[in-house]
Amino acid sequence: MQTETIRSVAADTRGKHRISAELKRLEQETRHLEEELDQLEKMETASAACKEILSNVETKPDPLLPKTNGPINPSWDQWFEGPQDKSGCRCWIL
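Now for a description of the structure that goes with this document. From a predicted model like this one, the values you see are computed outputs, not experimental measurements.

### With respect to the overall build of the protein chain
From N to C terminus, the protein chain includes three helices and zero strands. Listed by position from the N terminus, the elements making up the protein chain come as α-α-α. Relative to its 94 residues, the protein chain shows a buried fraction of 0%. A total accessible area of about 9800 Å² is found for the protein chain, and carbon and sulfur atoms account for 59% of it.

### Thoughts on the pattern of salt bridges
Following the criterion strictly, the structure yields two salt bridges and no others. Glutamate 22 is the partner of arginine 25 in a salt bridge, and the nearest nitrogen-oxygen pair spans 2.7 Å. Taken together, the positions of arginine 25 and glutamate 22, both in helix α1 (residues 2-42) and three residues apart, correspond to about one turn of that helix. Among the residues examined, arginine 25 registers a relative accessible area of 41% and is labelled partly exposed. Bridged by salt links that share partners, the residues Glu22, Arg25 and Glu29 form one connected network.

Calculation rules
Residues numbered from 1 in each chain as written. Predicted model: local features only at pLDDT ≥ 70, side-chain atom pairs only at ≥ 80, totals over all residues. Heavy atoms only, no water. Helix = DSSP H or I, 4+ residues; strand = E, 2+ residues; numbered from the N terminus. Buried < 20%, exposed > 50% of the residue type's maximum accessible area, 1.4 Å probe, protein only. Areas by Shrake-Rupley, 256 points an atom, 1.4 Å probe, with all protein chains shown as cover. Salt bridge = Lys/Arg side-chain N within 4 Å of Asp/Glu carboxyl O.

Rendered as structure tokens:
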């Protein structure tokens, strides 16, 4: 009889511990979600931020690319343009 009472008390404390641990996890998750909501409310709309970034990128040239106004070697254009006479081209890609 006494061993059954000890077992029920032990099972009861384990159940309380599980419930307490789950409650703490849910409270922590709730706090995290509330912090995320606060951050989202403070952020400006994505379209405004994108427009600002786009305007900055478009106005400043890329420092890693050389600035050219035209092709440095015009003979290279033949490789990047399609054939002038489409009927003479036998490739399947074009």
